[in-house]
Amino acid sequence: MDSTSDAALREQTTKRLEKAMGTFGTAALASMEEQLPWFRRMPADQRSWIGLVAQAGIAAFVEWFGSGESAKPAIAAEVFGTAPRELMRSIKLRHTIDMVRVIIDVVETRLEELAAPGGEAQLREAILRYTRDVAFGAAQVYAQAAETRAAWDARLEALVVNAVLRGEVDDGMHSWAAALGWTAKPVTVIAGFTPEDEEPEVTIDQMQLAARRARVDALAGVQGSRVVVVVGGTEDALVAARHIAAKCGPGPVVVGPTVGDLYDSPLSARSALAGLRAAAGWPDAPRPVPSDELLAERALDGDDVARRHLVDHVYDPMCDAGAPLLDTLTTYLEQGSSLEATARLLFVHPNTVRYRLRRVTELTGLAPTDGRNAFTLRIALALGRFSRRPTRS
(Lines give C-alpha, C1' and ligand atoms only; values in the text may rest on other atoms or scores of the structure.)
Protein backbone atom coordinates (compact mmCIF):
# COMPACT_ATOMS: atom_id res chain seq x y z
CA MET A 1 0.00 0.00 0.00
CA ASP A 2 1.54 3.31 -1.09
CA SER A 3 1.44 6.49 0.98
CA THR A 4 -1.36 8.01 -1.15
CA SER A 5 -3.73 5.10 -0.65
CA ASP A 6 -2.71 4.87 3.01
CA ALA A 7 -3.67 8.51 3.56
CA ALA A 8 -6.92 8.03 1.67
CA LEU A 9 -7.86 5.02 3.78
CA ARG A 10 -6.99 6.96 6.94
CA GLU A 11 -9.18 9.87 5.85
CA GLN A 12 -12.14 7.59 5.07
CA THR A 13 -11.74 5.69 8.35
CA THR A 14 -11.50 8.95 10.27
CA LYS A 15 -14.80 10.14 8.82
CA ARG A 16 -16.45 6.86 9.86
CA LEU A 17 -14.99 7.17 13.35
CA GLU A 18 -16.24 10.75 13.68
CA LYS A 19 -19.77 9.70 12.71
CA ALA A 20 -19.80 6.80 15.16
CA MET A 21 -17.95 8.59 17.95
CA GLY A 22 -21.13 9.69 19.73
CA THR A 23 -22.22 6.11 20.31
CA PHE A 24 -18.87 4.87 21.62
CA GLY A 25 -19.20 6.35 25.07
CA THR A 26 -22.67 4.92 25.59
CA ALA A 27 -21.58 1.50 24.34
CA ALA A 28 -18.47 1.58 26.53
CA LEU A 29 -20.48 2.46 29.65
CA ALA A 30 -22.99 -0.29 28.92
CA SER A 31 -20.18 -2.79 28.50
CA MET A 32 -18.51 -1.66 31.75
CA GLU A 33 -21.83 -1.95 33.56
CA GLU A 34 -22.08 -5.53 32.36
CA GLN A 35 -18.48 -6.67 32.87
CA LEU A 36 -17.07 -4.71 35.83
CA PRO A 37 -18.62 -5.31 39.29
CA TRP A 38 -16.71 -2.40 40.87
CA PHE A 39 -18.20 -0.04 38.28
CA ARG A 40 -21.76 -1.16 39.11
CA ARG A 41 -21.16 -0.37 42.77
CA MET A 42 -20.06 3.22 42.12
CA PRO A 43 -22.35 6.22 42.71
CA ALA A 44 -24.08 7.66 39.66
CA ASP A 45 -22.00 10.85 39.61
CA GLN A 46 -18.74 8.88 39.50
CA ARG A 47 -20.06 6.63 36.73
CA SER A 48 -20.92 9.81 34.84
CA TRP A 49 -17.36 11.12 35.24
CA ILE A 50 -16.00 7.81 33.97
CA GLY A 51 -18.26 8.17 30.94
CA LEU A 52 -16.69 11.56 30.24
CA VAL A 53 -13.21 10.05 30.61
CA ALA A 54 -14.11 7.31 28.12
CA GLN A 55 -15.58 9.85 25.69
CA ALA A 56 -12.48 12.06 26.02
CA GLY A 57 -10.26 9.07 25.33
CA ILE A 58 -12.20 8.14 22.21
CA ALA A 59 -12.22 11.75 20.93
CA ALA A 60 -8.47 12.01 21.53
CA PHE A 61 -7.94 8.79 19.60
CA VAL A 62 -9.98 9.95 16.61
CA GLU A 63 -8.10 13.26 16.48
CA TRP A 64 -4.74 11.52 16.82
CA PHE A 65 -5.61 8.93 14.18
CA GLY A 66 -6.84 11.58 11.77
CA SER A 67 -3.57 13.50 12.16
CA GLY A 68 -1.68 10.52 10.82
CA GLU A 69 -0.33 9.40 14.22
CA SER A 70 2.45 11.91 13.63
CA ALA A 71 2.86 12.86 17.30
CA LYS A 72 2.76 11.03 20.61
CA PRO A 73 -0.74 11.46 22.07
CA ALA A 74 -0.97 13.68 25.17
CA ILE A 75 -2.79 11.01 27.12
CA ALA A 76 -2.55 12.45 30.63
CA ALA A 77 -3.82 15.89 29.70
CA GLU A 78 -6.48 14.94 27.15
CA VAL A 79 -7.94 11.82 28.75
CA PHE A 80 -7.35 11.83 32.49
CA GLY A 81 -7.46 15.60 32.79
CA THR A 82 -11.22 15.40 32.20
CA ALA A 83 -12.03 13.89 35.61
CA PRO A 84 -11.78 15.62 39.00
CA ARG A 85 -8.99 14.66 41.39
CA GLU A 86 -11.50 13.05 43.74
CA LEU A 87 -12.08 10.36 41.13
CA MET A 88 -8.45 9.27 41.43
CA ARG A 89 -9.07 8.25 45.03
CA SER A 90 -12.03 6.07 44.04
CA ILE A 91 -10.55 4.32 41.02
CA LYS A 92 -7.42 2.22 41.37
CA LEU A 93 -4.88 1.80 38.60
CA ARG A 94 -6.08 -1.73 37.87
CA HIS A 95 -9.63 -0.36 37.49
CA THR A 96 -8.33 2.10 34.91
CA ILE A 97 -6.71 -0.76 33.00
CA ASP A 98 -10.04 -2.62 33.14
CA MET A 99 -11.76 0.42 31.63
CA VAL A 100 -9.22 0.63 28.81
CA ARG A 101 -9.63 -3.06 28.04
CA VAL A 102 -13.43 -2.78 27.85
CA ILE A 103 -13.24 0.26 25.56
CA ILE A 104 -10.81 -1.61 23.28
CA ASP A 105 -13.20 -4.53 23.13
CA VAL A 106 -16.07 -2.21 22.19
CA VAL A 107 -14.06 -0.67 19.35
CA GLU A 108 -12.71 -3.99 18.10
CA THR A 109 -16.16 -5.55 17.90
CA ARG A 110 -17.09 -2.78 15.43
CA LEU A 111 -13.77 -2.76 13.61
CA GLU A 112 -15.18 -4.00 10.29
CA GLU A 113 -17.89 -1.33 10.42
CA LEU A 114 -15.58 1.53 11.44
CA ALA A 115 -12.61 0.93 9.15
CA ALA A 116 -12.75 1.84 5.47
CA PRO A 117 -12.56 -1.21 3.21
CA GLY A 118 -8.95 -2.38 3.30
CA GLY A 119 -8.11 -0.20 6.32
CA GLU A 120 -8.82 -2.77 9.04
CA ALA A 121 -5.16 -3.56 9.73
CA GLN A 122 -4.29 0.14 9.78
CA LEU A 123 -7.00 0.87 12.37
CA ARG A 124 -6.14 -2.19 14.46
CA GLU A 125 -2.48 -1.19 14.67
CA ALA A 126 -3.44 2.35 15.63
CA ILE A 127 -5.72 1.06 18.39
CA LEU A 128 -2.95 -1.13 19.81
CA ARG A 129 -0.46 1.75 19.78
CA TYR A 130 -2.92 4.19 21.30
CA THR A 131 -4.04 1.84 24.08
CA ARG A 132 -0.41 1.13 24.93
CA ASP A 133 0.12 4.87 25.37
CA VAL A 134 -3.07 5.08 27.43
CA ALA A 135 -1.73 2.40 29.77
CA PHE A 136 1.59 4.22 30.17
CA GLY A 137 -0.23 7.53 30.59
CA ALA A 138 -2.43 6.08 33.31
CA ALA A 139 0.59 4.70 35.15
CA GLN A 140 2.25 8.14 34.95
CA VAL A 141 -0.81 9.92 36.29
CA TYR A 142 -1.15 7.53 39.21
CA ALA A 143 2.57 7.69 39.93
CA GLN A 144 2.48 11.50 40.06
CA ALA A 145 -0.57 11.37 42.33
CA ALA A 146 1.19 8.88 44.59
CA GLU A 147 4.28 11.09 44.82
CA THR A 148 2.17 14.11 45.71
CA ARG A 149 0.24 12.17 48.33
CA ALA A 150 3.45 10.68 49.75
CA ALA A 151 5.01 14.14 50.12
CA TRP A 152 1.88 15.45 51.84
CA ASP A 153 1.70 12.41 54.13
CA ALA A 154 5.37 12.87 55.08
CA ARG A 155 4.74 16.49 56.10
CA LEU A 156 1.65 15.49 58.04
CA GLU A 157 3.50 12.66 59.76
CA ALA A 158 6.25 15.06 60.83
CA LEU A 159 3.65 17.46 62.26
CA VAL A 160 2.04 14.68 64.31
CA VAL A 161 5.37 13.47 65.73
CA ASN A 162 6.42 17.05 66.57
CA ALA A 163 3.09 17.63 68.32
CA VAL A 164 3.63 14.49 70.41
CA LEU A 165 7.13 15.62 71.40
CA ARG A 166 5.90 19.11 72.32
CA GLY A 167 2.97 17.72 74.28
CA GLU A 168 0.50 19.57 72.05
CA VAL A 169 -1.88 16.66 71.53
CA ASP A 170 -5.37 17.93 70.83
CA ASP A 171 -8.28 17.16 68.53
CA GLY A 172 -6.53 18.92 65.63
CA MET A 173 -3.53 16.63 65.94
CA HIS A 174 -5.87 13.64 66.09
CA SER A 175 -7.40 14.82 62.83
CA TRP A 176 -3.96 14.86 61.23
CA ALA A 177 -3.28 11.35 62.48
CA ALA A 178 -6.69 10.18 61.23
CA ALA A 179 -5.85 11.58 57.78
CA LEU A 180 -2.85 9.24 57.82
CA GLY A 181 -5.12 6.31 58.66
CA TRP A 182 -4.07 6.14 62.32
CA THR A 183 -6.57 4.38 64.58
CA ALA A 184 -4.23 2.19 66.64
CA LYS A 185 -4.30 1.71 70.40
CA PRO A 186 -2.41 1.41 72.73
CA VAL A 187 0.57 3.66 71.95
CA THR A 188 4.28 3.57 72.74
CA VAL A 189 7.05 5.99 71.74
CA ILE A 190 10.48 4.62 70.78
CA ALA A 191 13.58 6.81 70.50
CA GLY A 192 16.99 6.10 69.01
CA PHE A 193 19.67 7.62 66.81
CA THR A 194 19.67 7.86 63.03
CA PRO A 195 22.16 5.85 60.96
CA GLU A 196 25.21 7.88 59.96
CA ASP A 197 25.10 9.69 56.61
CA GLU A 198 21.52 8.58 55.92
CA GLU A 199 18.93 11.02 54.60
CA PRO A 200 15.95 11.63 56.95
CA GLU A 201 13.50 10.42 54.30
CA VAL A 202 15.37 7.13 54.02
CA THR A 203 15.43 6.72 57.81
CA ILE A 204 11.68 7.28 58.05
CA ASP A 205 11.05 4.79 55.23
CA GLN A 206 13.17 2.23 57.08
CA MET A 207 11.20 2.81 60.29
CA GLN A 208 7.93 2.28 58.43
CA LEU A 209 9.30 -0.90 56.86
CA ALA A 210 10.32 -2.21 60.28
CA ALA A 211 6.88 -1.38 61.69
CA ARG A 212 5.16 -3.28 58.88
CA ARG A 213 7.32 -6.31 59.59
CA ALA A 214 6.34 -6.06 63.26
CA ARG A 215 2.67 -5.72 62.20
CA VAL A 216 2.16 -2.42 64.02
CA ASP A 217 1.18 1.09 62.97
CA ALA A 218 3.91 3.70 63.16
CA LEU A 219 4.50 7.42 62.75
CA ALA A 220 8.16 8.39 62.49
CA GLY A 221 10.08 11.64 62.63
CA VAL A 222 13.74 12.66 62.50
CA GLN A 223 15.05 15.49 64.65
CA GLY A 224 18.72 16.09 64.11
CA SER A 225 20.50 12.89 65.05
CA ARG A 226 17.45 11.40 66.78
CA VAL A 227 14.68 9.33 65.31
CA VAL A 228 11.37 9.08 67.15
CA VAL A 229 8.78 6.44 66.30
CA VAL A 230 5.22 6.46 67.65
CA VAL A 231 4.05 2.84 67.61
CA GLY A 232 0.44 1.73 67.98
CA GLY A 233 -1.53 -1.46 68.04
CA THR A 234 0.56 -3.75 70.25
CA GLU A 235 0.64 -4.61 73.94
CA ASP A 236 4.23 -5.83 73.67
CA ALA A 237 6.12 -2.81 72.40
CA LEU A 238 9.51 -4.44 72.96
CA VAL A 239 8.85 -6.88 70.11
CA ALA A 240 8.17 -4.01 67.72
CA ALA A 241 11.11 -2.08 69.16
CA ARG A 242 13.51 -4.90 68.23
CA HIS A 243 12.52 -4.53 64.57
CA ILE A 244 12.90 -0.74 64.78
CA ALA A 245 16.22 -0.94 66.64
CA ALA A 246 17.64 -2.96 63.76
CA LYS A 247 17.09 0.07 61.49
CA CYS A 248 18.50 2.66 63.93
CA GLY A 249 22.06 3.87 64.02
CA PRO A 250 24.64 2.97 66.70
CA GLY A 251 23.72 3.75 70.29
CA PRO A 252 20.82 3.06 72.61
CA VAL A 253 17.21 2.56 71.59
CA VAL A 254 14.77 3.41 74.38
CA VAL A 255 11.15 2.32 74.65
CA GLY A 256 8.77 4.59 76.55
CA PRO A 257 5.90 3.23 78.66
CA THR A 258 2.78 2.05 76.87
CA VAL A 259 -0.16 4.47 77.16
CA GLY A 260 -3.82 4.27 76.20
CA ASP A 261 -3.89 6.41 73.07
CA LEU A 262 -2.34 9.36 71.27
CA TYR A 263 -3.69 11.82 73.85
CA ASP A 264 -1.34 10.28 76.43
CA SER A 265 1.57 9.72 74.02
CA PRO A 266 3.58 12.77 75.26
CA LEU A 267 4.06 10.90 78.56
CA SER A 268 5.68 8.01 76.72
CA ALA A 269 7.70 10.39 74.55
CA ARG A 270 9.13 12.31 77.51
CA SER A 271 10.24 9.08 79.18
CA ALA A 272 11.76 7.70 75.98
CA LEU A 273 13.75 10.87 75.25
CA ALA A 274 14.86 11.21 78.87
CA GLY A 275 16.03 7.61 78.73
CA LEU A 276 17.89 8.24 75.48
CA ARG A 277 19.76 11.16 77.08
CA ALA A 278 20.56 9.19 80.25
CA ALA A 279 21.46 5.89 78.59
CA ALA A 280 25.11 6.95 78.46
CA GLY A 281 25.18 6.18 82.19
CA TRP A 282 24.53 2.50 81.46
CA PRO A 283 26.79 1.53 78.55
CA ASP A 284 25.82 -2.15 78.78
CA ALA A 285 22.07 -1.52 78.60
CA PRO A 286 20.18 -3.94 76.35
CA ARG A 287 19.05 -2.65 72.96
CA PRO A 288 16.21 -1.81 73.02
CA VAL A 289 15.79 -0.94 76.68
CA PRO A 290 12.56 0.15 78.46
CA SER A 291 12.79 3.67 79.80
CA ASP A 292 11.68 2.44 83.26
CA GLU A 293 14.89 0.40 83.49
CA LEU A 294 16.80 3.66 83.22
CA LEU A 295 15.04 5.38 86.12
CA ALA A 296 18.23 5.70 88.18
CA GLU A 297 20.23 7.20 85.32
CA ARG A 298 17.36 9.49 84.38
CA ALA A 299 17.08 10.71 87.96
CA LEU A 300 20.83 11.42 88.09
CA ASP A 301 20.52 13.24 84.77
CA GLY A 302 17.91 15.59 86.25
CA ASP A 303 14.68 14.00 84.99
CA ASP A 304 11.99 15.14 87.44
CA VAL A 305 9.54 12.49 86.20
CA ALA A 306 11.99 9.71 87.10
CA ARG A 307 12.74 11.30 90.46
CA ARG A 308 9.06 11.55 91.37
CA HIS A 309 8.51 7.96 90.26
CA LEU A 310 11.33 6.65 92.46
CA VAL A 311 10.03 8.57 95.46
CA ASP A 312 6.34 7.82 94.95
CA HIS A 313 6.56 4.20 93.83
CA VAL A 314 9.76 2.96 95.47
CA TYR A 315 10.70 4.97 98.56
CA ASP A 316 7.27 5.90 99.92
CA PRO A 317 5.84 2.34 99.87
CA MET A 318 8.85 1.10 101.85
CA CYS A 319 8.61 4.01 104.22
CA ASP A 320 4.92 3.33 104.81
CA ALA A 321 5.74 -0.32 105.53
CA GLY A 322 7.81 0.68 108.55
CA ALA A 323 11.30 1.64 109.61
CA PRO A 324 12.62 -1.95 109.93
CA LEU A 325 12.18 -2.46 106.19
CA LEU A 326 14.12 0.68 105.29
CA ASP A 327 16.80 -0.07 107.88
CA THR A 328 17.24 -3.59 106.58
CA LEU A 329 17.51 -2.48 102.96
CA THR A 330 19.94 0.32 103.82
CA THR A 331 22.15 -1.97 105.88
CA TYR A 332 22.05 -4.73 103.24
CA LEU A 333 23.17 -2.33 100.50
CA GLU A 334 25.86 -0.79 102.68
CA GLN A 335 27.21 -4.23 103.62
CA GLY A 336 27.79 -5.25 100.02
CA SER A 337 24.60 -7.35 99.79
CA SER A 338 25.71 -9.70 102.58
CA LEU A 339 22.85 -11.41 104.41
CA GLU A 340 25.04 -12.52 107.32
CA ALA A 341 26.61 -9.10 107.86
CA THR A 342 23.20 -7.44 107.70
CA ALA A 343 21.74 -9.89 110.20
CA ARG A 344 24.64 -9.38 112.65
CA LEU A 345 24.39 -5.59 112.54
CA LEU A 346 20.61 -5.63 113.02
CA PHE A 347 20.69 -8.43 115.62
CA VAL A 348 18.17 -10.51 113.65
CA HIS A 349 18.17 -13.94 112.05
CA PRO A 350 19.27 -14.11 108.36
CA ASN A 351 15.82 -15.47 107.49
CA THR A 352 14.34 -12.25 108.83
CA VAL A 353 16.58 -10.32 106.47
CA ARG A 354 15.49 -12.56 103.60
CA TYR A 355 11.82 -11.97 104.44
CA ARG A 356 12.25 -8.20 104.58
CA LEU A 357 14.13 -8.14 101.27
CA ARG A 358 11.30 -10.13 99.69
CA ARG A 359 8.88 -7.52 101.02
CA VAL A 360 10.97 -4.80 99.35
CA THR A 361 10.65 -6.66 96.06
CA GLU A 362 6.88 -7.08 96.50
CA LEU A 363 6.39 -3.39 97.27
CA THR A 364 8.68 -1.90 94.65
CA GLY A 365 9.14 -4.52 91.94
CA LEU A 366 12.91 -4.21 92.48
CA ALA A 367 14.93 -7.08 93.91
CA PRO A 368 17.77 -5.90 96.20
CA THR A 369 19.74 -9.05 95.32
CA ASP A 370 19.97 -7.90 91.66
CA GLY A 371 22.85 -5.55 90.93
CA ARG A 372 20.89 -3.18 88.67
CA ASN A 373 17.89 -3.14 90.99
CA ALA A 374 20.15 -2.49 93.99
CA PHE A 375 21.61 0.54 92.21
CA THR A 376 18.10 1.89 91.53
CA LEU A 377 17.09 1.28 95.14
CA ARG A 378 20.12 3.24 96.35
CA ILE A 379 19.09 6.22 94.22
CA ALA A 380 15.49 5.91 95.42
CA LEU A 381 16.61 5.90 99.06
CA ALA A 382 18.65 9.06 98.58
CA LEU A 383 15.88 10.87 96.69
CA GLY A 384 13.31 9.82 99.29
CA ARG A 385 15.43 11.19 102.09
CA PHE A 386 15.87 14.43 100.16
CA SER A 387 12.10 14.70 99.79
CA ARG A 388 11.53 14.29 103.54
CA ARG A 389 14.39 16.41 104.88
CA PRO A 390 13.19 19.17 107.20
CA THR A 391 13.07 22.71 105.92
CA ARG A 392 14.73 25.45 107.96
CA SER A 393 13.04 28.79 108.35
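In what follows, the structure referred to is the one given above.
Let us look at the structure shown here. (Residues numbered from 1 in each chain as written. Predicted model: local features only at pLDDT ≥ 70, side-chain atom pairs only at ≥ 80, totals over all residues. Heavy atoms only, no water.)

1. Details of the packing of aromatic side chains
Okay, so step 1: Summed over the entire model, instances satisfying the criterion amount to one aromatic pair.
Okay, so step 2: Seen from the ring of Phe65, Arg10 lies directly overhead, with NZ or CZ sitting 4.7 Å from the centre. (Phe/Tyr/Trp six-rings, centres within 6.5 Å; stacked < 30°, edge-to-face > 60°. Lys NZ or Arg CZ within 6 Å of the ring centre and 35° of its normal.)

2. Notes on the packing of helix H15 (residues 323-334) against helix H16 (residues 339-346)
Okay, so step 1: Remark: H15 packs on H16, axes separated minimally by 9 Å, with the N-to-C direction vectors making an angle of 130°. On the basis of the axis angle, H15 is oblique to H16. Helix-helix and strand crossings are classified by hand; for H15 and H16 the assignment is right-handed. Seen from H15, the contacting residues are Thr328, Thr331 and Tyr332; seen from H16, they are Leu339, Thr342, Leu345 and Leu346.
Okay, so step 2: Residues that form the contact of H15 with H16 fall into these classes: four nonpolar, three polar and no charged. (Axes fitted to C-alpha atoms, helices over the stretch in contact; angles between N-to-C directions. Helix = DSSP H or I, 4+ residues; strand = E, 2+ residues; numbered from the N terminus. Parallel < 35°, antiparallel > 145°, perpendicular 65-115°, else oblique. Left-handed = near helix turned anticlockwise from the far one by under 90°. Contact = heavy atoms within 4.5 Å. Nonpolar A, V, L, I, M, F, W, Y, C, P; charged D, E, K, R; others polar.)

3. Points about the environment of Ser268
Okay, so step 1: Among the structural elements, Ser268 can be located in helix H12 (residues 265-278).
Okay, so step 2: In this structure Ser268 comes out as buried when scored by relative accessible area, which is 0%.
Okay, so step 3: Considering only alpha carbons, one finds Ser268 and Val230, 38 residues apart in sequence, at a separation of 9.2 Å.
Okay, so step 4: If we ignore the near neighbours within four places in the chain, the residues touching Ser268 are Thr188, Val189, Gly256, Pro257 and Val259. (Buried < 20%, exposed > 50% of the residue type's maximum accessible area, 1.4 Å probe, protein only.)

4. Re helix H11 (residues 237-245)
Okay, so step 1: Listing the buried residues of H11 in full gives Ala237, Ala240, Ala241, Ile244 and Ala245. One side of H11 carries all its buried residues, which in axial view fall inside an arc of 140°.
Okay, so step 2: Next to the buried residues of H11 lie strand E1 (187-193), helix H10 (200-213), strand E3 (226-232) and strand E4 (254-255). (Arc of directions from axis to C-beta.)

5. Structural notes on the nonpolar core
Okay, so step 1: With 33 residues, the main nonpolar core has Leu17, Met32, Phe61 and Leu123 as its most contacted residues.
Okay, so step 2: For this core, the secondary-structure elements that each account for two or more residues are helix H1 (3-35), helix H2 (37-40), helix H3 (44-66), helix H6 (93-109), helix H7 (111-114) and helix H8 (120-166).
Okay, so step 3: Not counting chain neighbours up to four residues away, the residues in contact with Leu123 comprise Thr13, Leu17, Phe61, Phe65, Leu111, Leu114 and Ala115.
Okay, so step 4: Core analysis: the next-biggest nonpolar cluster, separate from the first, contains 27 residues, Trp182, Val189, Ala279 and Val289 among them. (Core = buried A, V, L, I, M, F, W, Y, C linked by side-chain atoms within 4.5 Å.)

6. Some words on the pattern of salt bridges
Okay, so step 1: Per the stated rule, a full pass over the model turns up six salt bridges.
Okay, so step 2: Between Asp303 and Arg298 there is a salt bridge whose closest N-O contact spans 2.8 Å. (Salt bridge = Lys/Arg side-chain N within 4 Å of Asp/Glu carboxyl O.)

7. Topic: the sheet that holds E1
Okay, so step 1: Spatial ordering of the open sheet is given by E2-E3-E1-E4-E5, a layout of five strands whose pairing is mixed. Every other strand in the sheet has two partners, leaving strand E2 (217-223) and strand E5 (289-290) as the edge strands with one partner each.
Okay, so step 2: Taken together, the seven bridges between E2 and E3 define a ladder with antiparallel strand orientation. By the bridge assignment, Leu219 is partnered in E3 with Val230.
Okay, so step 3: Contacts from H10 reach E2 and E3 within the one sheet, and its direction differs from that of E2 by about 155°.
Okay, so step 4: Strands E1, E3, E4 and E5 of the sheet are contacted by H11, whose axis makes an angle of about 30° with E1. (Pairing = 2+ DSSP bridges.)

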